[in-house]
Amino acid sequence: MIGLISATAAGAAARDRLAAAWPDRTRVYEGPVGDAVRAAFAECEQLVCFLATGAVVRLVAPLLDDKRTDPGVVCVDEGGRFAVPLVGGHGGGANELARAVGELLGAEPVVTTATDAVGLPGLDTLGLPCEGAVAAVSRALLDGEPVVLEAEVPWPLPALPTAAHGSYTVRLTDRAVSAGEREVLLRPPSLVVGVGASKGAPAEEVLGLVEEALREAGLSARSVAELATVDAKAGEPGIVAAAGRLGVPLVTYPAGELAAVDVPNPSAAPLAAVGTPSVAEAAALLGGGELLVPKRKSAMATCAVVRRPGRGRLAVVGLGPGARDLLTPRAKAELRRASVLVGLDQYVDQIRDLLRPGTRILASGLGAEEERARTAVAEAREGRAVALIGSGDAGVYAMASPALAEASDDIDVVGVPGVTAALAAAAILGAPLGHDHVSISLSDLHTPWEVIERRVRAAAEADLVVTFYNPRSRGRDWQLPKALAILSGHREPATPVGVVRNASRPDEAGRVTTLAGLDPATVDMMTVVTVGNTATREIAGRMVTPRGYRWQEEAQ
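For the structure given in this document, a descriptive report is provided here.

### Here's the deal with the sheet that holds strand β8 (residues 147–151)
Within a sheet, each strand pairs with its neighbour through backbone hydrogen bonds, oriented either parallel or antiparallel. Read from one edge to the other, the open sheet built from four strands follows the order β7-β10-β9-β8, with strand pairing classed as mixed. Only two strands of the sheet have a single partner each, and these edge strands are β7 (130–132) and β8. With strand direction ignored, the average angle separating the axes of adjacent strands in the sheet is 20 degrees. Taken together, the four bridges between strand β9 (residues 168–172) and strand β10 (residues 183–186) define a ladder with parallel strand orientation. Bridge pairing in β10 links T169 to E183. The sheet strands contacting helix α6 (residues 134–142) are β7, β8, β9 and β10, and the helix crosses β9 at an angle near 115 degrees.

This is the structure in structure tokens:
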């Protein structure tokens, strides 16, 4: 919960805007400011104070205890110009909160945390338990000193500027080791503990068996991702309590699914009791992985431990038509989350400044789409966080199709939508896509012309507004005239046609002409051509397709 505190009418107005935007996440604290801050500090995970920073410093200073547990505090000035993370920038999430508040209120987030200021992810913000010399290693990263990343378990971390050799180390490990003097340990949630228990098994026995198994195998309890068991044991108090005390979820599976898992140590007892020859081993192995601790038993419980390497992550990101303000916040976040970026060289140059230091860039030229898709999927299969970029929306004539054709269910795939060239061009022209419309690429590099021509004829006969991608190039100069001739058989010569080149870019140019007046020689590969339907009109220099056919009916 986010506590909201204000002292003046101006602050209350901004506070209420935030409360209205996040009704389920916020709570307004009224009354004397000091009492409100103290109450919110005790009851909320985060605070937004519409007060001067000096006032908030004096109010929260006596309340501070530990940066790992204190709530994050953000100050917003009376004019709503700045959102300042004051306390708990990383641990309390104040830096991200300041950015979110700024987005909503139009305020500038003023983030002073050193790593954030230079684009580095804080080692304590990666979502993994973190131990050791966090301050010293973070300072080494900031100072450009060589820091070695030792990943004992593959995991999709964001980019870090690491080196092959150095005196500082970031070690990604699920082993029960202690951090060295210049070392940070990151604990990935890579361990799954399968458990079984007789009815009434005490929590102490279940927990003790699990902890003993981890300890003897040299594994860290902080890397346990979940306890897993059979559905029939979902409510077994000892298992439920053990999961709670480990601070991990309890995941359960039907007996039939567990019975299908090949295990090294099946037994007749669980088969008779719950319908599967294995509970602990099968539950741990069901999602795949390496069995590190085979089934072991106590008087009333069993457990087994499996290591599941982190699944690689492939984000297919649409960059929009080119303008930076049409690049979505989600796309920016994915670019900063990735440790590997794959894309066309000119698109990489477009967003290079948004990448974190240490991002590995794999750029290639035109015509290498399938190669880029294979490269991105291969990198993700190595357990990395990969961003594959394309212009517009990555799913529209772009990289999503070849990437998803290459990918299987062994990696996580995230699609990030973007503003398409058709939409950017339409906004420049007016409202040409106000009714049913279709996009057709005139490039016959991947699609036979016979297929393209059939689609153009179908769109013409269906009276659809048509947006042509890839309309004309030096080597393909006849396809656009042919497509326009097909449309001319079903539409009047005065039908409006919009021509937009480099939509949203500095040299953007757009004009409205007619089906008869369009000169195909003025069109190139950087151009989008939109041909109206029989209802489309030019109004005040803008191309407009009404949402219905009322205009046609009134004109008759």
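### Here's the deal with the pattern of salt bridges
In this structure the tally under the stated criterion is 29 salt bridges. The partner of R27 in a salt bridge is E43, and the shortest N-O contact between them spans 3.3 Å. Taken together, the residues span a long stretch of sequence, with R27 in strand β2 (residues 26–28) and E43 in helix α2 (residues 33–43) at a distance of 16 residues. D77 is paired through a salt bridge with R81; the nearest N and O atoms lie 3.1 Å apart. Among the charged side chains, a salt-bridge network with shared partners connects E150, E152, R171, R175 and E183.

### Observations concerning the packing of helix α1 (residues 9–21) against helix α4 (residues 94–105)
Between α1 and α4, whose axes approach to 10 Å, the crossing angle comes to 100 degrees. In terms of orientation, α1 lies roughly perpendicular with respect to α4. Across from A14, R17, L18 and A21 in α1, the residues of α4 making contact are V101, L104 and L105. By residue class, the composition of the contact of α1 with α4 is six nonpolar, no polar and one charged.

Calculation rules
- Counting of residues starts from 1 at the beginning of each chain's written sequence and follows it residue by residue.
- Residues qualify for local features only when their pLDDT is at least 70, as the model is predicted, and side-chain atom pairs are given and counted only at 80 or more; totals for whole chains, interfaces and linings, by contrast, use all residues.
- The side-chain quantities take in all heavy atoms of the structure and omit both hydrogens and water.
- Strand pairing is assigned whenever DSSP identifies at least 2 bridges connecting the two strands.
- Secondary structure elements follow DSSP: runs of H or I no shorter than four residues count as helices, runs of E no shorter than two count as strands, and numbering proceeds from the N terminus.
- Note on geometry: axes are lines fitted to C-alpha atoms, helical ones only across the stretch in contact, with angles between N-to-C directions running from 0 to 180 degrees.
- Contact between two residues is taken to exist if any of their heavy atoms lie within 4.5 Å; hydrogens are not considered.
- Should a side-chain nitrogen of Lys or Arg be within 4 Å of a carboxyl oxygen of Asp or Glu, the pair is scored as a salt bridge.
- Any angle that is under 35 degrees is reported as roughly parallel, and any over 145 degrees as roughly antiparallel; angles of 65 to 115 degrees are reported as roughly perpendicular and all others as oblique.
- We call Asp, Glu, Lys and Arg charged. Ala, Val, Leu, Ile, Met, Phe, Trp, Tyr, Cys and Pro are nonpolar, and the rest, Gly among them, are polar.

By themselves these figures say nothing about function.
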